[in-house]
Amino acid sequence: GAGVSQSPSNKVTEKGKDVELRCDPISGHTALYWYRQSLGQGLEFLIYFQGNSAPDKSGLPSDRFSAERTGGSVSTLTIQRTQQEDSAVYLCASSLGRGDIQYFGAGTRLSVL
Amino acid sequence: EDKVVQSPLSLVVHEGDTVTLNCSYEVTNFRSLLWYKQEKKAPTFLFMLTSSGIEKKSGRLSSILDKKELFSILNITATQTGDSAVYLCAGDYTGRRALTFGSGTRLQVQP
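Keep in mind that what you see is a predicted model, and the values were worked out from it rather than measured. (Residues numbered from 1 in each chain as written. Chains lettered and ligands numbered in written order. Predicted model: local features only at pLDDT ≥ 70, side-chain atom pairs only at ≥ 80, totals over all residues. Heavy atoms only, no water.)

Participant: Describe the pairing of strand β9 (residues 85-93) of chain B, naming the residues involved and giving the relevant values.
Facilitator: Regular strands place side chains that alternate from one sheet face to the opposite one. All names here are of chain B. With respect to burial, β9 is a largely interior element, 9 of its 9 residues being buried. Judged by which residues are buried, β9 turns out to be covered on both faces: A85, Y87, C89, G91 and Y93 on one side and V86, L88, A90 and D92 on the other are all buried. As paired strands, strand β4 (residues 30-38) and β9 are joined by 8 bridges and run antiparallel to one another. Directly across from S32, in β9, lies its bridge partner D92. Across 3 bridges, β9 lies against strand β11 (residues 105-110) in antiparallel orientation. Residue Y87 lies in a different strand from β11, and its bridge partner there is T105. Examined bridge by bridge, β9 and strand β10 (residues 100-101) share 2 bridges and lie antiparallel to one another. Across the sheet, the residue bridging to A90 is F101, located in β10. Linking β9 back to β10 in an antiparallel pair, the connection comprises 6 residues, with G95 at a positive phi of about 95°. (Buried < 20%, exposed > 50% of the residue type's maximum accessible area, 1.4 Å probe, protein only. Helix = DSSP H or I, 4+ residues; strand = E, 2+ residues; numbered from the N terminus. Pairing = 2+ DSSP bridges.)

As C-alpha cells, this is what we get:
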C-alpha cells in the first residue's frame, strides 16, 4: 500500500473489554513496530516484528497485551481486559528492515471508560 | 539506559521567525538520529542523521548532528503556521529493536 494503514482510527471501550487494533504496513516492509503514546508523552515501544516473528516483546506492559503478525504483513495488537490506563494512541510503524527509516500510520486512539 | 532529551518542551513564535530545536542523546551503541514531525497523530519522517557535521536540508528545514557534543539541532527558517506541530527526535541504537524517542518539542507558530 501507499502508506501504513491502521484501524480503527478511534476506539471507545468499557473497562474490562478486549480490543483488537490492526496495522497494515507498507508493502514489502519486513519490520513492523508497535508504539504507544500517552497524552503529552513521547512514544513508548511495545513490540517489534521481523517477518512473522517477534524477537523483542520487551515493551509489552503486561500479559494482557499480545500481538501477532501473519503472512509477513498485517499485524494485530490485542489488549485483554482493558484498563483505564490503557487509554492512549497506539501507533504502528514499518520499515524495509531493521535499522531503516520507520514510517508511521495515523494511529488508533483508544479510550477506556 | 539509552536516553534522548529534547528542549525546549514547548515554544511559541510568530510567523517569519527562525527556530532551533535541540536534541541530546547518549552515545553508547548509537547508530543514527531521526527527526519526525507529528501533527495530530501520525509522525512523519523528516531527517535521518548518521554522520557528524553534515547538514541535511529540505526546504526551510535543516538538521545537523554533532557526534562530539552528542546533540542534534533542527532549524526551521521563516516559520509558517503550518509548521505548528510536535517535533520528535529519536535515537537508533544497536541492540535495541526500536527507536528511543524524546518527549518532543511542541512548536506553535502564531500568525
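Participant: So what about the pattern of salt bridges? Which residues, and what values?
Facilitator: Residues and elements named next belong to chain B. Applying the stated criterion to the full structure yields 7 salt bridges over all chains. Of the charged contacts, one joins K37 and E39 as a salt bridge, the two residues approaching to 3.8 Å between their closest N and O atoms. Relative accessible area serves as the criterion here: at 13%, K37 is assigned to the buried category. Residue R60 is joined to D83 by a salt bridge in which the shortest nitrogen-to-oxygen separation is 2.8 Å. (Salt bridge = Lys/Arg side-chain N within 4 Å of Asp/Glu carboxyl O.)

Participant: I'd like to hear about the sheet that holds strand β3 (residues 19-25) of chain B, residue by residue, with values.
Facilitator: All names here are of chain B. An order of β1-β3-β8-β7-β6 is seen for the 5 strands of this open sheet, with the pairing classed as antiparallel. The outermost strands of the open sheet, each flanked by one partner alone, are β1 (4-7) and β6 (56-58). Averaged over all adjacent pairs, the angle separating strand axes in this sheet is 15°, with direction ignored. Pairing of β3 with strand β8 (residues 71-76) involves 6 bridges; the strand directions are antiparallel. Within β8, the residue paired with L21 across the bridge is L74. (Axes fitted to C-alpha atoms, helices over the stretch in contact; angles between N-to-C directions.)

Participant: Can you break down the interface of chain A and chain B residue by residue, with the values?
Facilitator: Counting residues at the interface gives 26 residues for chain A and 18 residues for chain B. Summing both sides of the interface, chain A and chain B together bury roughly 1700 Å²; the carbon and sulfur share of this comes to 57%. Contact with chain B buries area across many residues of chain A, yet R98, I101 and F104 of chain A alone supply 31% of it, more than any other trio. For the interface between chain A and chain B, the tally reads 1 salt bridge. For D92 of chain B, the salt bridge is made with R98 of chain A, and the minimal N-O distance between the two is 3.0 Å. For the interface between chain A and chain B, the tally reads 6 residue pairs in polar contact (both at pLDDT 80 or more). For the side of chain A that touches chain B, the elements supplying multiple residues, two or more each, are β4 (31-37), β5 (43-50), β6 (53-56), β9 (88-95), β10 (103-104) and β11 (108-112) of chain A. Across the side of chain A that touches chain B, the residue classes tally to 12 nonpolar, 10 polar and 4 charged. (Contact = heavy atoms within 4.5 Å. Buried area = accessible area lost by both parts, 1.4 Å probe. Polar contact = N/O pair within 3.5 Å; in protein donor to acceptor, adjacent residues only side chain to side chain. Nonpolar A, V, L, I, M, F, W, Y, C, P; charged D, E, K, R; others polar.)

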